[in-house]
Amino acid sequence: MVKSGTIILNTAARFLMPLQLMFSVFLLLRGHDEPGGGFIAGLVAAGAFTLYLFAFGVSATKEVLRMVDPRDLIGVGLLLGMISVVPAWFMGQPFLTAQWWTIPVIDFKASTPLIFDVGVYLAVLGSVMGMVMALMEVDKDEP
Amino acid sequence: MQLAVLMGFVLAASSPLLNRWFGHRASFVLALFPALIAAWLVSQAPSVFSDGPLLLEWQWVPSLGISLTFMLDGLSLLFGLLITVIGACVLIYAGGYLKGHVDIARFHLALVAFMVSMLGLVLADGLITLFVFWELTSITSYLLIGFNHSNIEARKSARQGLFVTVAGGLALMAGLVLLGVASGNWSLYEIGQMESDLREHALYTPMLICLLLGAFTKSAQFPFHFWLPNAMAAPTPVSAYLHSATMVKAGIYLLARLQPELGDTALWVGILSVVGATTMLTGAFLAIHHTNIKKLLAYSTIMALGTLTMLVGIGTDYAMTAFVTFLLAHSMYKGALFMVAGILDHETGTKDVTAMGGLRGLMPVTATIAFVAALSLAGVPPLFGFIGKELMLEAVLAAEGFRALMLLFAFVSAILTIAVAAIIALRPFYGRRHETPKTPHEAPFSMLLGPGLLAVGSLSLGLLPALLGGNALLTSAATAVSGQPLEVSLSLWHGINVALIMSLVSLGLGFLLFKHWDRVRSHLATLAPVMRYGPEAGYEGLMNYIVRFSEWQTRLLQNGYMRNYILVMLLVLIALIGNSILLRHSPQLALTLDVQFHEVVVVGTMVMGAIFATISRSRLGAVVSVGIMGFSIALIFILFSAPDLGITQLLVETLTVILLVLVLFRLPRFSNLSTNLERIRDGAVATTMGVLIFLLIMTAWSIDQFEPISVYMIENSAPLAYGRNIVNVILVDYRALDTLGEMFVLALAAIGVIAMLKLRHDGTVNEGDKNNTKEPYDG
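Residue numbering note: each chain is counted from 1, following its sequence as written. As a convention, the first chain written is A and the first ligand written is 1, with the rest following in written order. In keeping with the predicted nature of the model, local features appear solely for residues at pLDDT of at least 70, side-chain atom pairs appear and are counted solely at 80 or more, and the whole-chain, interface and lining totals rest on all residues.

Chain B has the name Monovalent cation/H+ antiporter subunit A in an unreviewed UniProt entry, where Vreelandella zhaodongensis is given as its organism.

The name an unreviewed UniProt entry gives chain A is Na+/H+ antiporter subunit B, with Vreelandella alkaliphila as the organism. UniProt positions are given in the numbering used here, feature names are shortened, and annotations may be inferred rather than shown by experiment. On record in UniProt, under Sequence similarities (unreviewed entry), the comment for chain A is "Belongs to the CPA3 antiporters (TC 2.A.63) subunit B family." If you open the UniProt record of chain A and go to Subcellular location (unreviewed entry), you find "Cell membrane".

Caption draft 1: Spatial organisation of the overall build of chain A. A count of helices and strands for chain A gives six helices and two strands. Counting from the N terminus, the helices are the DSSP runs of H or I reaching at least four residues and the strands are the DSSP runs of E reaching at least two. Ordered by position from N to C terminus, the α and β elements of chain A give α-α-α-α-α-β-β-α. Residue pairs qualify as contacts under a 7 Å threshold applied to their C-beta atoms, which are placed from the backbone. Here the analysis covers contacts within chain A between residues at least 6 apart in sequence; of these, 70% occur between residues at least 24 apart.

Caption draft 2: Quick peek at the interface of chain A and chain B. With 41 residues of chain A at the contact, the number on the chain B side is 37 residues. Those elements that place two or more of their residues in the side of chain A that touches chain B are helix H2 (38–56), helix H4 (70–83) and helix H6 (112–141) of chain A. Broken down by element, the side of chain A that touches chain B gets its largest block of residues, 18 residues, from H6 of chain A. For the side of chain A that touches chain B, a count of residues per class yields 24 nonpolar, ten polar and seven charged. Classification used: nonpolar for Ala, Val, Leu, Ile, Met, Phe, Trp, Tyr, Cys and Pro, charged for Asp, Glu, Lys and Arg, polar for all others including Gly.

Caption draft 3: How the structure looks around the environment of Val601 of chain B. The topology assignment puts Val601 of chain B in helix H26 (residues 597–615). Taking the C-alpha atoms as reference, Val601 of chain B lies 9.7 Å from Ser632 of chain B; in sequence the two are 31 residues apart.

Caption draft 4: Representation of the UniProt feature "transmembrane region" (unreviewed entry) in chain A. Residues and elements named next belong to chain A. Residues given the UniProt feature "transmembrane region" (unreviewed entry) here are residues 12–32, 38–61, 73–92 and 112–136. Counted over residues 12–32, helix gives 90% and strand 0%. Its end C-alpha atoms are 31 Å apart. As annotated, residues 73–92 has a helix share of 80% and a strand share of 0%, and its two end C-alpha atoms lie 30 Å apart.

Caption draft 5: Region of interest: the confidence of the model for chain B. All names here are of chain B. Values of pLDDT, which run from 0 to 100, indicate the predictor's confidence residue by residue. Of the residues in chain B, 96% reach a pLDDT of 70 or more, and the chain-wide mean stands at 83. Long-range and interchain partners of residues 764–779, a stretch whose pLDDT sits below 50, account for ten contacts in this model, where long-range means more than four residues apart. Across the interfaces of the predicted complex, the ipTM metric reaches 0.87, alongside a pTM of 0.75.

Caption draft 6: Up close: the packing of helix H15 (residues 317–348) of chain B against helix H19 (residues 445–463) of chain B. Residue and element names in this part refer to chain B. To obtain each axis, a line is fitted to C-alpha atoms, and for helices this fit is confined to the stretch in contact; angles are then taken between N-to-C directions over 0 to 180 degrees. One can describe the packing of H15 onto H19 by two numbers: an axis separation of 8 Å at closest approach and a directional angle of 150°. By the angle between their directions, the pair H15 and H19 is classed as roughly antiparallel. H15 and H19 meet at a crossing whose hand is left-handed. Along the contact surface, H15 presents Ala329, Met332, Tyr333, Gly335, Ala336, Met339, Val340 and Ile343, while H19 presents Met447, Gly450, Pro451, Leu454, Ala455, Gly457 and Ser458. Across the contact of H15 with H19, the residue classes break down as eleven nonpolar, four polar and no charged. An angle below 35 degrees is treated as roughly parallel, one above 145 as roughly antiparallel, one from 65 to 115 as roughly perpendicular, and anything else as oblique. Note: crossing handedness is left-handed where the near helix turns anticlockwise from the far helix by less than a right angle, and right-handed where it turns clockwise.

Caption draft 7: Summary view of the nonpolar core. A set of buried Ala, Val, Leu, Ile, Met, Phe, Trp, Tyr and Cys residues, joined through C-beta atoms within 7 Å, is what we mean by a nonpolar core. With C-beta atoms placed from the backbone, the exposure class of a residue follows from how many other C-beta atoms lie within 10 Å of its own: 20 or more, buried; 12 or fewer, exposed; in between, partly exposed. Core analysis: the biggest nonpolar cluster contains 201 residues, and Leu311, Phe323, Leu337 and Ala373 of chain B have the highest contact counts within it. Top element by residues in this core is H15 of chain B. It accounts for 20 residues. Both domains that furnish three or more residues to this core are identified here as domain 1 (1–158 + 233–258) and domain 2 (265–527) of chain B. The contacts of Leu311 of chain B, once residues within four sequence positions are left out, are Ala319, Ala322, Phe323, Phe326, Met392 and Ala395 of chain B. If you look at the next biggest cluster of nonpolar residues, it comprises 56 residues, including Val44 and Val120 of chain A together with Leu651 and Leu746 of chain B. An automatic or database domain assignment supplies the residue ranges for each domain.

So, in structure tokens, the structure goes:
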């Protein structure tokens, strides 16, 4: 049903996907101070892959994702979310208290909320991609 | 200490590894753990005897007052020793019993986990901690009873045990919460130290009933006793451990623990005495119906549990002494007897005592152990069980309420118990040799060690009660149960008194009953039609009813039509919102028409989209109109300076469109499925919903009961959370726990969708589905 796209879509997708992915990472990292954040960034990234999916089909997209199954992304996302809980534990503070560290050379604020946000990002990306790809696969096998 | 107990769970988890390293000797290695704990308990005993309870504090959730504090007093010391010593015996025994079993690692895992939960339960000081460990014992015992999970009976019994004990656990939780609220204290030690009397509290009666329900279900008291004999589907080591010494005694432990604070009221004495006595008689009476050796023992355990409950209910100093003595005696001989039953089953291949006979020559050690333990069960001097029974009878004789009833029940139970003891000790070992499925020979050392130790214990404690600090231990335990200092000094000879005469008479009558057991049993068989109407039938009926009810309501609500789901959801919402808005708050309609031109345009577009979506004759048209609404909403967010929400809304809309495009062609032809009447009904529901939401927003807008929290969030977002984007700070910091939960919801939803699509696709869903829906109650 969803055939590989036209030449315009194909060409555009090839260039847009990396851009969108970069944009999603940008949104993810700036999220704490400016509009953005893990959820939005995850959706943007999912949009990037979906565009590619529409242009080139499931198997090509799987190749782009290499070995990564979207379902694994969900798991990794949840795991990161849980991991971000741990540092507060060691500091003897209540559950989920945010911890902040500054990485000196590049002056970057690393923190557990950031890890958490990355977790959200991966979980959202994995969920959406998982659903979309499952739907596409159903279509693919039924003429 | 807490760490040691918690390490037990780690040990349980590592038992597969231990089994790989040590092979069949893993049981011995694992048995080191309870042995070490027992050694620690013994080392603490002198200070507990002299200085009273030992508190080992460990805060868990200080902000909620939940602690993992352990309290070691005489009662928990006695229970702790029973759990660890018998636990070590059972572990070693199980190594022989299940030797070569493929799943022995799983068995060890569940058994050690159960042991740890049980230890935690008797040592816990906090009410919440106690409850957590209580539930852990229910779950681990479920795994143990259902160990042979390929057997449908085992599964069914495990489920029954779980349902009954967990239902009781629910009541227990309510009871513990009431106790905590009534006393204002969540620590058992502190509650024990309190000045005020809980018995006079307004919540006393409901609290007591809830707590008793929890204890009675766990300890298989009448009418909840039926799950215990069924739980005999478990491997014998499990029965020996759970159903003699530990799990079923958890309820008894709870009763004994609460007796100083809640006991000695008319309600307490009445319920416990009558229920205990009834359970005692029921257990003893049902026991002689059976020829299955494990069932015989199971019913006699019910009898013992009834006795213990009754003794706690009587509540005199004498009864307390009898309680702790009987408890110790019962755990020892019943543990030994269950293990003997396991040996017989293991060696002969049958559990039916009438099919065994003349095994004395082939299995001399087993026969001796069985004989000693059964003498203790029957209460024959000079065994420890005799002291326990004497004290029990004397306590009943000295009781204040329900004396005649308890005395009669106790006397009859004693006769029946003696018959049971004789059946177990004599029937398999004497008389004519029967052909058995397996050729019997003496059990291996590992299987004889545990029961042997327990039998020796029964004998030596009977001869010399002061041995190994027996008196001191029981004194300390009895003191803990009664709440006042008590002195226990046990001896075999109490002089010639009523109790002794009753003992002797019951001994004679019991032996007579044993002689004519076969005839009695055939008479009893005529009662079978009546017996079918026991509490178990009630349980079955209730379960079947629940299954039928859920089938009915599933057919009604989950019929697979999207429009029905939405209808039901909206109706529920209308009922909830309508109730709260119209009855509790008066709806407000303070309209201020202070709107800009562009806002009107956006809202107008939205309204147009909505109208078009409902009247559109093509699906694509409807989808596009809904999309227009979504984008307009995004626009509104942006207009009111919420860029994050705007972006999210835009992205979600985009994705929705993508997903819809993917499924659009798979949907059936767009057609009108509803009748006109249904359309009018749906329209009415939709309109009502719309009006209600409008009222809700208007009302919510005009009430401000609380100062909005957004002020705090805005002020603290940069200084405390180091972020200027408040929406994101809320998501990942202020409300990170909510977000974490939502992540899980999202993941579950995605996995659900993926699973559904894949399963449908493979065409396997139908078959699997059928099996699943039938499972719950066919067994």
